[in-house]
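Chain and residue survey
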Amino acid sequence: MKPALLPLLAVAVIAAPAPLAAREAVLAVPAGTVSEVAIGIARATNASIVIADPALGRTRVAGIKGRMDAEDAVQKLARASGMKAVRVGPSAWRLVAAPRPAPVFARARPARLVPAAYTPSSAPPAAEEGEPITVTASKRDLSFGEFAGQVTLLDGAVLERGGVGGTERITQRAATVSSTYLGSGRNKLFIRGIADSSFTGPTQATVGQYFGDLRLSYNAPDPDLRLSDMERVEILEGPQGTLYGAGSLGGIIRLVPRAPEPGETQLIVSGGASAIANGEPGADAHATLNLPLAGETATLRLNFDAATLGGYIDKPVIGRRDVNRTAIFAGRAALRVDIAPDWSADVILLGQDTEARDSQYADRGARRRLDSSAQVPEGSRAQYGQAQVVLSGRMGDIRLRSSTGLGAQDLAERYDATVPGGAPRLFRQRNETRMIANETRIWQPVGASGFGWVLGSSIIDNRNTLTRALGEGAVPPSSANAGAGGIVSGPAGPRFAAIPAATGVTNTVFEITGYGEASYRVLRALTLSAGLRVTSVEIGGAGEDVARQIAVAGAAITAKRRETAYLPSASALLDIGEKGRAYLRYQEGFRPGGLAVSGDFVRQFRSDHARTVELGGGWGLPGRGPFDIGVSLSYTRWRDIQADFIDDGGLPSTANIGNGTILAASVNGSARLAGDLRLEFGATLNDSDVDEPVVVPLDRLSRIPNIARFSGRAGLQWRRDFDDGTAIEAEGWASYVGKSRLGIGPELGELQGDYLDSGANLRWGRQSAGLTLSVTNLAGTVGNRFALGTPFSTGRAQITPLQPRTIRIGFDARF
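Just so it is clear, the structure is predicted and the values come from calculations on it, not from any experiment. (Residues numbered from 1 in each chain as written. Predicted model: local features only at pLDDT ≥ 70, side-chain atom pairs only at ≥ 80, totals over all residues. Heavy atoms only, no water.)

On to the overall build of the protein, then. Within the protein, the secondary structure is distributed over eight helices and 50 strands. By the burial criterion, 59% of the 815 residues in the protein qualify as buried. For the protein, the proportion of contacts with a sequence separation of at least 24, taken over those separated by at least 6, is 70%. When the accessible area of the protein is evaluated, it comes to approximately 29,800 Å², of which 60% is carbon and sulfur surface. (Helix = DSSP H or I, 4+ residues; strand = E, 2+ residues; numbered from the N terminus. Buried < 20%, exposed > 50% of the residue type's maximum accessible area, 1.4 Å probe, protein only. Contact = heavy atoms within 4.5 Å. Areas by Shrake-Rupley, 256 points an atom, 1.4 Å probe, with all protein chains shown as cover.)

The following block contains the structure:
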């Protein structure tokens, strides 16, 4: 057991095209971190070098120069870094921590490692430190400087500062990512101003969400998984159609979990208690266990998360306070088995249950700022589960990865549909999704020749069923509790148990795809890339809870149909000096059509298609050196936009609403202000226009919904080490979200946004244990994150306020 190590995914670096065995080479690897120098050695000598603990990989070392073979180079690197090189194959080495005498350890200044015992946090990396930046979402292990596009990398430990959270941690730290705010497990995510609507209907998401190499969902909302024990989160701005296919118009968000660590027995725990101003208290707990099962051949890694989020919305009409309390339970298990040299198999299981006791919206202009006049208990329950089997390996210079998964996602929601002056009325909706998916790819990383490529295929079989019910019923004004399935129980027994069913819809999609991409350094400073994805989609479905005669009459509408999409891409990347780069990129993306509810039956909506041209560049590597920056300017033409709106019956529906254009600009970067004080910043500017509307009254529609013209973020990070081995780490941040409109059509034309959010985190302790203090919404802003709580809003405008100022006290420890 090694308490001082951080259980991160081993970083394997493999050489460029070369003979199968490691070779002698003339090395000119510049100074850098251990991990960066290891990459240079591996590429030059065709060796494989594994650094078990990326925290050790952040140590600065001198460059490696001269003619030598792989073993000499690796041993020289080990000596320079104070590590030990262990041969694990003919051309493979593993770098591990070497034991050091205690007196030397005591005299030396502690290396600036990520505090291993401090899973919920990490020190802001010093200017020269950090893991090697490989954009794994590129699917061919491109380094940050080799990737032609705008990418945001969020360190998993940083996302856990102040306790384990969900997707809101991403939106707080990435200015280009925005979200609706119906509640945990119910939201839609948007990137780069490409947003469709506010509801989670039958349309596929505009943002692809991935856990590893597999899609989390197809046409379901963000499951809001707990971001615990993550290596990092990668955000690629879209479209990303060539590599990721349907549903990546805005981009992709890829969760990279920490892998099982062979040979290490570790237990990491953290927890905390929180207090909300004028609300209920909350609590959270997290545990990670890494357990070797057969030496270094088989390793099991377990994660558990539990959280209770206190409520702060009152419903005086039904006599309830702090109604929106939310309970979250999540778990994950990963088993890794090394089945042969350079080959491994992983089995991953993950699940999460999120139950919100009631809704989190309030009335705009209410006498008390956080009051809702809803006459029924609302709320939701979201359940998510996925199982994956992953096979990874290499054959000489060629690498292979095949991932197969089964996913299930259920979302039950309740909305107040009471008509002003009428009896209490409830709308109930259930969204059930089942998906089977496989992705298999082979690739060769870019090497000394400047050439790299990837070829892959994917198969997705997805079924989504949306059922609805609408009706009246009595609700006692006393403390009623909402059940997960939409039945409300109180002292007098169940209520709304017999709500009549409304028309629903089932959509089925079978998608088979082949894709490829390659890049070649045609000049010393110029790399050209091109790719193509060909996708064949079979679309089908049926109406739910419709009369048989109507279903028979509409058989042609629900009959299966096929679509084929061709998604090309091309880019040019220009190196500017040692740290600069500029790129020009073209990408396309699409979403297949489907069926949407229309009155007593369903109707078809067509696929939509986006084409984007992007010009961008940057200087330096994120979070390193005295200064780094990345900028991007893009133009998108979006045809046959799929979006949700309120139909004549007052219910959400979906249609192609027209064509539009989007201009987007973004900037992000950081700067070292003094010593260990670092500034981070990011901003995005969007200008959109729906210039060819084709359906629904659009007298208040001129821009894409849910996207602010301007959003920005700034943050400060600081650390101070003390002679007794303790350290203080602190960070503070503020973000501004500009104005946007809720959705499509006059019923959804309300303004939202125009608020400032903020927070701060502080940790004091050692690497083995620490105490934390965090505060969110420092200014106590009410704001309006989302102008919708229920689509049945006749007679009352709505806001979704920020969670009031919240103080959390927590701890973390490692054994």
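With that settled, the discussion passes to unusual backbone geometry. Here Gly238 and Pro239 are connected by a cis peptide whose omega angle stands at 0°. Located in the positive-phi region is Asp322, a residue other than glycine, with phi close to 50°. Here Asp322 is to be found in the loop between β20 (298-309) and β21 (326-340). Among the residues examined, Asp322 registers a relative accessible area of 12% and is labelled buried.

Of all hydrophobic cores here, the largest spans 24 residues; its most connected members are Ile41, Leu77 and Leu95. Elements represented by at least two residues in this core include exactly β2 (25-29), α1 (34-45), β4 (48-51), β6 (64-68), α2 (70-81), β7 (83-89) and β8 (92-97). With near-sequence residues (within four places) excluded, Leu95 lies in contact with Val34, Ile49, Val50, Ile51, Ala52, Val74, Leu77, Ala78, Met83, Lys84 and Ala85. Core analysis: the next-biggest nonpolar cluster, separate from the first, contains 21 residues, Ile191, Leu225, Leu227 and Ala334 among them. (Core = buried A, V, L, I, M, F, W, Y, C linked by side-chain atoms within 4.5 Å.)

With the rule as written, the count across this model stands at five aromatic pairs. Among the aromatic side chains, those forming a connected cluster through ring pairs are Tyr415, Phe427 and Phe792. One Lys or Arg, Lys139, reaches over the ring of Tyr244 and ends 4.2 Å from the middle of that ring. Over the ring of Trp443 we find Arg441, and its NZ or CZ is 4.5 Å from the ring centre. (Phe/Tyr/Trp six-rings, centres within 6.5 Å; stacked < 30°, edge-to-face > 60°. Lys NZ or Arg CZ within 6 Å of the ring centre and 35° of its normal.)

Attention now goes to the side chain of Ser634. Tracing the backbone through its elements, the reader meets Ser634 in strand β38 (residues 627-639). Within polar-contact distance, the side chain of Ser634 engages the side chain of Arg192 at 3.5 Å. Leave out the neighbours within four places in its chain, and Ser634 touches Arg192, Thr612, Val613, Glu614, Ile662, Leu663 and Ala664. (Polar contact = N/O pair within 3.5 Å; in protein donor to acceptor, adjacent residues only side chain to side chain.)

Taken in spatial order, the five strands of this open sheet run β11-β16-β17-β14-β15, and their pairing is mixed. Each of the sheet's edge strands pairs with one partner strand only, and the pair in question is β11 (151-155) and β15 (214-215). Where strand β14 (residues 207-211) and strand β17 (residues 251-257) come together, five bridges link them in parallel fashion. Note on β17: the bridge partner recorded for Gly208 is Ile252. (Pairing = 2+ DSSP bridges.)

We now examine the packing of α1 against α2. Between α1 and α2, whose axes approach to 10 Å, the crossing angle comes to 175°. One finds that α1 runs roughly antiparallel with respect to α2. Contacts from Val34, Val37, Ala38, Ile41 and Thr45 of α1 reach α2 at Ala70, Ala73, Val74, Leu77 and Ser81. Residue composition of the contact of α1 with α2, grouped by class: eight nonpolar, two polar and no charged. (Axes fitted to C-alpha atoms, helices over the stretch in contact; angles between N-to-C directions. Parallel < 35°, antiparallel > 145°, perpendicular 65-115°, else oblique. Nonpolar A, V, L, I, M, F, W, Y, C, P; charged D, E, K, R; others polar.)

So, on to the side chain of Asp222. For Asp222, the position within the fold is in the loop between β15 and β16 (230-237). At a separation of 2.7 Å, a polar atom in the side chain of Asp222 contacts the side chain of Thr167. Here the side chain of Asp222 touches Gln209 through a polar contact of 2.8 Å, side chain to side chain. For Asp222, the contacting residues outside a window of four places in its chain are Thr167, Gly185, Arg186, Asn187, Leu189, Gln209 and Gln409.

When strand β44 (residues 727-737) meets strand β47 (residues 755-765), the two strands line up antiparallel, connected through eleven bridges. Looking at β47, one finds that Ser735 is bridged to Asp757. Bridge count for β47 against strand β48 (residues 769-776) is seven bridges, and the pairing is antiparallel. In the strand pairing of β48, Leu762 is matched with Leu773. Taking the residues that link successive antiparallel strands as the turn, the β47-β48 hairpin has three residues.

Glancing now at α2. Compared with an ideal rise of 1.5 Å per residue, which puts twelve residues at 16 Å, α2 spans 16 Å between its outermost C-alpha atoms and is within 8% of the ideal. Those residues of α2 that sit buried are Ala70, Ala73, Val74, Leu77, Ala78 and Ser81. End-on, the buried residues of α2 take up no more than an arc of 135°, which puts them together on one face. Its side-chain oxygen at 3.4 Å from the backbone nitrogen of Glu71, Asp69 defines the N-terminal cap of α2. Gly82 lies just past α2 and shows a positive phi near 70°. (Expected span 1.5 Å × (residues − 1). Arc of directions from axis to C-beta.)

Side chains that carry opposite charge are capable of pairing whenever their charged atoms lie near each other. Tallied over the full model, the rule gives 49 salt bridges. The salt bridge partner of Arg585 is Glu614, with a shortest N-O separation of 2.8 Å. Residue Arg585 is found in strand β34 (residues 580-591), and its partner Glu614 is found in strand β37 (residues 608-619); the two are separated by 29 residues along the sequence. Each member of the pair Arg585 and Glu614 is classed as buried. The partner of Arg719 in a salt bridge is Asp721, with the nearest N and O atoms 2.9 Å apart. By relative accessible area, which is 7% here, Arg719 ends up buried. (Salt bridge = Lys/Arg side-chain N within 4 Å of Asp/Glu carboxyl O.)

Bringing α1 into the picture now. With twelve residues, α1 extends 16 Å from end C-alpha to end C-alpha; this agrees with the ideal 16 Å at 1.5 Å per step. Turning to α1, its buried residues are Val34, Ser35, Val37, Ala38, Ile39, Ile41, Ala42 and Thr45. Positive phi shows up at Asn46, right after α1, with a value of about 65°.

With respect to the helices and strands, the residue Gln604 is situated in strand β36 (residues 601-605). Spatially, the C-alpha atoms of Gln604 and Asn656 are 9.4 Å apart, while their sequence positions differ by 52 residues. Setting aside its immediate chain neighbours within four residues, Gln604 contacts Ala556, Ile557, Arg561, Gly594 and Leu595. Within the structure, Gln604 has its side chain in polar contact with the backbone oxygen of Ile557 (distance 2.8 Å).

Treat this as a map of the structure, not an account of what it does.
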